[in-house]
Amino acid sequence: MTVTLKLFASLGVHLPPGAREHAVQVEIPQGTSIGELLDRFGVPPEQRHLVLRNGVFVSPAGRAEPLHAGDSVAVWPPVAGG
Amino acid sequence: MGWQRRILRVNLTEGTCNPEPLNMDWARQYLGQRGLATKYFVEEVDPTVDPLSPDNKLIFATGPLTGTAASTAGRYSVITKGALTGAIACSNSGGYFGAELKNAGWDMIVFEGRAPEPVYLLIEDEEARLLPAGDLWGRSVWETHERIQHDHQDPMLKIAAIGQAGENGVLFACIVNDLHRAAGRSGVGAVMGSKRLKAVAVRGTQGVSVADPRRFLQVTMEKKRILAENAVTGQGLPTYGTQVLMNVVNEIGALPTRNAREVQFEGAPRISGEAMREPRPTDGKPNLITNQACFGCTIACGRVSRIDKTHYVVRNKPQYWKASGGLEYENAWAMGADTGIDDLEAMTYANFICNEQGMDPISFGATLAAAMELYESGAIGKEETGGIDLRFGNAEALTTLVEQTARGEGFGRDLGLGSRRLCEKYGRPELSMTVKGQEFPAYDPRGIQGMGLTYATSNRGACHLRSYTVASEVLGIPEKTDPLVPDGKPALVKAFQDATAVVDSSGLCLFTTFAWSLDDIQPQIDAACEGDWSLENLLAVGERIWNLERQFNLRAGFTGADDRLPERLVSEPARQGPAKGLTNQLDKMLPEYYALRGWDENGVPTAETLQRLGL
């Protein structure tokens, strides 16, 4: 199935070639979790600070749940603004 | 100590500068800067005064930690009755000016009256005098800065000035110090212009004493280590600045877009903090040159940018080819997503003009966005805009109108009124995205519920910096709360409001609170200042300040009916993103908030509350 992976700020270096505007569509097996998806692209666990699934925050515990086709996963390291 | 125990009273009508002892009884109740200057203001000014009349006063105030060795201790605030809002105004700025004023031996300057001719104030330690500014009037902030330093042959002079916007009565004019730091909101620059005060130039060499130097040094070193080791203040903010939020807030569906008609902007990645760091296709160089720190700051979140020389807007204007203050998140949102514009170079130019001529980019951008909706809805046409095709997304309209607004020319005269007056003038008041007359900033309260209550109850009109619940609702600082539900938000907003009033009154920067709590700030204040500065007392100080500001507004004519959001936010559901179908639930939050504050159902502090706070 296909999901969209978006990696922002310093995590952008982990995106594969062909990514546009910090996003790439990836094929993953059924049952893949957010944690497994981020492992595949080498995103360091300690840098997975703000993790959104379809724009909604996913707590560290929820990152083991399986993704669904068409989901969008967006991840940031620790950041803030004002 | 911490305080210099001395204020400067400048009567512009009479042309006099007189020192006075600081009222230390008030300092013990209100700490400094925002709180203490508001106390002076409330005691001295009739709340019904016309903000642009000589009877309004303008106070530049430092905090007890301003100018000390604490990290970020360079802040000052400008307190007055806001030209844009008619409410209490307190606009906080960084840079180096505040610390210089404190080092010259002054806790604050109180300006009264109106000068018969334009003047500027020169302070060299204890010497203060008013000088003619006839040849500076009509000049930009940047020209004024250069001229004053040149005339006094002193490149160390720190200068806060108004540009053409403040002179021309643009109601959201700001005061710019150190070329691109600003006391930005509520029109404090218009008040300064109405007093014919062009600038304040300061050189200070006296130093700032603290009550317990050994303990102060020890505790400030310890707290700087926390800022350095924290991932947000040690890495995230210096690297990406506030602009990293553009993609975050867009992804969560809370980025007000095209005058808040929508909550997500398809162009967000192209105007984000990440985009500022990417090489441009035209010249291979990024928009961002470097980060920059204010006085004593160990975070250094500021942005310094350079515009692409080949871009249409500066191709024939080499004076804008040099590096200057770059886009912060709020500015990029207002002049980008809110206007539907995704041209980073045009937006950087508009930001430069806001700095050069002294305008608040939040209010300017949001007012332009309202004008664009007026145009697209047919309420105004090219006859009103002077031939400009004012549709959403038109970058040339932005770069033309930012100049016209500062100069008070063409349709810029209408934009200089601010969004509320503009939309009222053209018969569509519901298109103004304001609270108490001030444009709301870069967080849509349909997607971040707590920000709705924050905007509605902010004493200076809609503002994110009075209770930045985004920290909790989006970023998880100090702990994560759900942005889509109103539950628990009244208590969160009240706690943030009171704590922020303390930080703003100390002389420190609010951005430290991404890593510090009041538990970290309290020992720094306690080591610098004599007296009881326990955590309990500081929290009481914060709540006292909030209620004092509220009382001023009530006496100025505001009521609980002004604690309202624009109708769009409470009746038009978000069209996309996680908040799709939601409006802001202000009606659920406001009564609980009033009760937590000890206010009656009309938002008026009860006698018991006032007595408890010593008001």
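Look up: the structure comes first, before these words.
Conventions used here
- Position labels on residues start from 1 in each chain and follow its written sequence.
- Here chains are named by letter from A upward and ligands by number from 1 upward, in the order in which they appear as written.
- Only residues with pLDDT of at least 70 get local features here, since the model is predicted, and only at 80 or more are side-chain atom pairs given and counted; chain-wide, interface and lining totals rely on the full set of residues.
- Excluding hydrogens and water, the side-chain values take into account all heavy atoms of the structure.
- Here the nonpolar core consists of buried residues drawn from Ala, Val, Leu, Ile, Met, Phe, Trp, Tyr and Cys, with membership extended through side-chain atoms lying within 4.5 Å.
- Here's how the labels work: a residue is buried when its accessible area is under 20% of the maximum for its type, exposed when over 50%, partly exposed in between, all with a 1.4 Å probe on protein chains only.
- Per the convention used, a helix needs a DSSP run of H or I reaching at least four residues, while a strand needs a run of E reaching at least two, with both numbered from the N terminus.
- Whether two aromatic rings pair depends on their centres lying within 6.5 Å, for rings of Phe, Tyr and Trp, where Trp uses its six-membered ring; planes under 30 degrees apart make the pair stacked, over 60 edge-to-face, and the rest tilted.
- Salt-bridge detection follows one rule: a side-chain nitrogen of Lys or Arg within 4 Å of a carboxyl oxygen of Asp or Glu.
- The contact rule is simple, with two residues in contact once any of their heavy atoms fall within 4.5 Å.
- Once two parts are put together, the accessible area they lose, assessed with a 1.4 Å probe and summed over both, is termed the buried area.
- Throughout this description, a polar contact denotes any pair of N or O atoms lying within 3.5 Å of each other; where both atoms belong to protein, one of them has to be capable of donating a hydrogen while the other can accept it, and for residues adjacent in sequence the pair is counted only when both atoms sit in side chains.
- Charged means Asp, Glu, Lys or Arg here, nonpolar means Ala, Val, Leu, Ile, Met, Phe, Trp, Tyr, Cys or Pro, and polar covers whatever is left, Gly included.
- Each residue after the first adds 1.5 Å to the expected span of a helix.

**Some words on the nonpolar core**
Move 1: In this structure, Phe60 and Leu390 of chain B are the most contacted members of the largest nonpolar core, which totals 206 residues.
Move 2: Of the residues forming this core, the biggest block, 10 residues, is contributed by helix 13 (residues 361-376) of chain B.

**Here we look at the packing of aromatic side chains**
Residue and element names in this part refer to chain B.
Move 1: Here the structure, examined in full by the defined rule, presents 20 aromatic pairs over all chains.
Move 2: With centroids separated by 4.9 Å and ring planes inclined at 55°, the aromatic side chains of Tyr76 and Phe97 adopt a geometry described as tilted. Here Tyr76, found in strand 4 (residues 76-81), pairs with Phe97, found in helix 3 (residues 97-103); they are 21 residues apart in sequence, far enough to count as distant.
Move 3: For Tyr76, a relative accessible area of 0% translates into the label buried.
Move 4: Relative to Tyr468, the ring of Tyr443 lies with its centre 5.6 Å away and its plane at 75°, an arrangement referred to as edge-to-face. One end of the pair, Tyr443, is in the loop between strand 17 (438-439) and helix 18 (449-457); the other, Tyr468, is in the loop between helix 18 and helix 19 (470-473), with 25 residues separating them in the sequence.
Move 5: The exposure class of Tyr443 is buried, given its relative accessible area of 0%.

**Structural notes on the pattern of salt bridges**
Move 1: Tallied over the full model, the rule gives 46 salt bridges over all chains.
Move 2: The salt bridge partner of Arg270 of chain B is Glu21 of chain A, with a shortest N-O separation of 2.8 Å. You can see Arg270 of chain B sitting in the loop between helix 9 (245-251) and helix 10 (273-277) and its partner Glu21 of chain A sitting in the loop between strand 1 (2-7) and strand 2 (23-27), one on each of two chains.
Move 3: What makes Arg270 of chain B partly exposed here is its relative accessible area of 34%.
Move 4: For Glu21 of chain A, a relative accessible area of 32% gives the class partly exposed.
Move 5: Salt-bridge contacts for Asp563 of chain B lead to Lys436 of chain B; the nearest nitrogen and oxygen are separated by 2.9 Å. Residue Asp563 of chain B is located in the loop between helix 22 (535-556) and helix 23 (567-571), and its partner Lys436 of chain B is located in the loop between strand 16 (434-435) and strand 17; the two are separated by 127 residues in the primary sequence.
Move 6: A residue is classified by how much of its surface remains accessible, and Lys436 of chain B, at 8% relative accessible area, is buried.
Move 7: Through salt bridges with shared partners, a single ionic network connects Arg9, Glu20, Glu44, Lys57 and Glu112 of chain B.

**Quick word on the interface of chain A and chain B**
Where the parts come together, the accessible area they lose is often given as the size of the interface.
Move 1: Facing 20 residues of chain A, the contacting portion of chain B comprises 29 residues.
Move 2: With both sides pooled, the region where chain A packs onto chain B buries about 2,000 Å², and carbon together with sulfur makes up 65% of that total.
Move 3: Across the contact surface, chain A and chain B share 2 salt bridges.
Move 4: Close ionic contact of Glu251 of chain B with Lys6 of chain A constitutes a salt bridge, the shortest N to O distance being 2.8 Å.
Move 5: Linking chain A to chain B there are 6 residue pairs in polar contact (both at pLDDT 80 or more).
Move 6: Contributing elements (two or more residues each) for the side of chain A that touches chain B: strand 3 (50-53), strand 4 (56-57) and strand 5 (72-76) of chain A.
Move 7: By residue class, the composition of the side of chain A that touches chain B is 11 nonpolar, 7 polar and 2 charged.

**Let's talk about helix 15 (residues 395-407) of chain B**
Side chains three or four residues apart in an α-helix point the same way, a direct result of the helix having 3.6 residues per turn.
All names here are of chain B.
Move 1: Counted at 1.5 Å a residue, the expected span for helix 15 with its 13 residues is 18 Å, and the 19 Å between its end C-alpha atoms agrees.
Move 2: Within helix 15, 10 of the 13 residues are buried, which leaves the element mostly enclosed by the surrounding structure.
Move 3: Turning to helix 15, the residues buried within the fold contact helix 5 (164-167), helix 11 (329-335), helix 12 (344-357), helix 13 and helix 16 (412-415).
Move 4: Measuring from the side-chain oxygen of the N-cap residue of helix 15 to the backbone nitrogen of Glu396 gives 3.0 Å; that N-cap residue is Asn394.
Move 5: Following helix 15 by one or two positions, Gly408 adopts a phi angle in the positive range, close to 70°.

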